[in-house]
Amino acid sequence: MTDTTEPTLTPDEREADLSLEQLKQLVGLVEYDEASDPFPVTGWDAIVFIVGNATQVAHYYQYAFGMDLVAYSGPETGSRDRKAYVLRSGSCRFVIEGGVRPDSPLLDHHRKHGDGVGDIALEVPDVDKCIDHARKQGATVLEEPHDVSDEHGTVRMAAIAAYGDTRHSLIDRSGYDGPYLPGFEGRTTSVKRAADAPKRLFQAVDHVVGNVELGKMDEWVAFYNRVMGFVNMAEFIGDDIATDYSALMSKVVSNGNHRVKFPLNEPAIAKKKSQIDEFLEFYDGPGAQHIALATNDILSTVDHMRANGVEFLDTPDSYYQDDELRERIGKVRVPVEQLQSRGILVDRDEDGYLLQIFTKPIGDRPTVFYELIERHGSLGFGKGNFKALFEAIEREQERRGNL
Ligand SMILES: [Fe+2]
């Protein structure tokens, strides 16, 4: 008999006034038996970006994504070689880091990868237990478990290596009530929002997709299974996700309670360069490709982000006029015309449906982008939309001369 326990809210979720019912719908949170998990993960701690100009990127997320600045560290707070801005939206925490001194190691990361995700930090209840297990399973431990403290308490943390130069910090902040980590001071946003702006544009991180090299997807699936106790969620291979020119293989792993979901992509052989190959070339290796943000009103989120200058991929009108598609998606909460006018995609499976849309790459390189996702029962990732999406992405690749 397996004991499952009702999940509880994380402090970040409580602070964001989210309920368990909302999270079950937003990100597909499920019950599971944490006691039998060799590497229990509670949820996301932070997505940590390394960028060329943290000061300006932090402004972009405050203005365009409606995020709130909550903490800062930099030369003024004793951090000599870097600036870091901590932003929140609901339970999402983004940390934007940039190098200040010419010899900052962050600048080496940026020179190689461009703006990208350096750390997908996870909240865990027992850092030492996770590291013990990870080490036994052959993981590379980048930082041994250690305490960092200030007047707000103590954070226990460690880090292991993931794909490429990406790492997973493991954070237990249960003994800490500061704005982020020791060394950071509280800050508030100076961006003025429009009077009709919603409190926030998204509530939670749903998934983070990793792109790995040809032939490496199964290795990384095995890594998350073996080292981090993640379970396989869904699987789709080859023809399912192919156009004439692009193809990829993708498998999805998730932590026990499904808060943390990692689809892993590898390129597949096709007539022309796939978007995964393009990513691997321009990111100079494996890395985080897109971050999916959960919203309970994707129409409003898209309207506000567009008004703030965020660019989304175009969806061909033919997508919405296709009888087969209309049949497949059935009835959704708004008329298809409202989705069409915004380019929002629909997918349906046996559990329900989801609405999703993808931004264009947000940096200079054709690498990192965002997805907005509104789930209604479906725990999928929009498999049925991959072909339509790929065709839209290929039109963009063609314009950049990379097809
Ligand atoms: Fe996605």
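The numbering scheme is per chain: residues are counted from 1 as the chain's sequence reads. Per-residue local features of the predicted model are confined to residues with pLDDT of at least 70, and side-chain atom pairs are confined, for both listing and counting, to 80 or more; whole-chain, interface and lining totals are unaffected and use all residues.

- The protein chain is annotated in an unreviewed UniProt entry as 4-hydroxyphenylpyruvate dioxygenase of Solicola gregarius.
- UniProt positions are given in the numbering used here, feature names are shortened, and annotations may be inferred rather than shown by experiment. Per UniProt, the protein chain has the following entry under Sequence similarities (unreviewed entry): "Belongs to the 4HPPD family."

## Considering the nonpolar core
Here is step 1 of the chain: Counting residues in each nonpolar core, the largest one holds 108 residues, and the members touching the most others are Phe94 and Ile96.
Here is step 2 of the chain: With six residues, strand E1 (residues 43-50) is the single largest residue contributor to this core.
Here is step 3 of the chain: Each of domain 1 (36-186) and domain 2 (204-400) contributes no fewer than three residues to this core.
Here is step 4 of the chain: We call two residues in contact if the C-beta atoms placed from their backbones are at most 7 Å apart. Not counting residues within four places of it along the chain, the set of residues in contact with Phe94 comprises Ala46, Ile47, Phe49, Tyr61, Met67 and Leu87. We call a set of buried Ala, Val, Leu, Ile, Met, Phe, Trp, Tyr and Cys residues a nonpolar core when their C-beta atoms link them within 7 Å. The burial criterion counts other C-beta atoms lying within 10 Å of a residue's C-beta, which is placed from the backbone; the residue is buried at 20 or more, exposed at 12 or fewer, and partly exposed between these limits. Only DSSP runs of H or I covering at least 4 residues are called helices, and only runs of E covering at least 2 are called strands; the numbering of each starts at the N terminus. Note that the domain bounds were set by an automatic or database domain assignment.

## Some remarks on the environment of Gln22
Here is step 1 of the chain: In this structure, Gln22 sits in helix H2 (residues 20-27).
Here is step 2 of the chain: Given 19 C-beta atoms within a 10 Å radius, Gln22 is considered partly exposed.
Here is step 3 of the chain: C-alpha separation for the pair Gln22 and Asp81, spaced 59 residues apart in sequence, amounts to 40 Å.

## Quick notes on helix H3 (residues 54-63)
Here is step 1 of the chain: For H3, the complete set of buried residues consists of Ala54, Val57, Ala58 and Tyr61. Considered in projection along H3, the buried side chains sweep an arc of 100° and stay on one side of the axis. By construction, the arc corresponds to the directions joining the helix axis to the C-beta atoms.

## What about the sheet that holds strand E4 (residues 92-99)?
Here is step 1 of the chain: Sheet architecture is open: nine strands sit in the order E6-E7-E8-E5-E1-E4-E3-E2-E9, paired in mixed fashion. Here the strands that pair on one side only, and so sit at the sheet edges, are strand E6 (141-150) and strand E9 (185-186).
Here is step 2 of the chain: Looking at chain direction, E6 and strand E7 (residues 153-161) are connected through seven bridges and run antiparallel. Counterpart to Glu143 in the pairing with E7 is Ala159.
Here is step 3 of the chain: All axes here are fitted lines through C-alpha atoms, helices being fitted over the stretch that makes contact, and every angle between N-to-C directions spans 0 to 180 degrees. Where helix H4 (residues 105-113) meets the sheet, its contacts fall on E1, strand E3 (82-89), E4 and strand E5 (116-123), and the angle it forms with E4 comes to roughly 100°. Here, a strand pair is defined by DSSP locating no fewer than two bridges between the strands.

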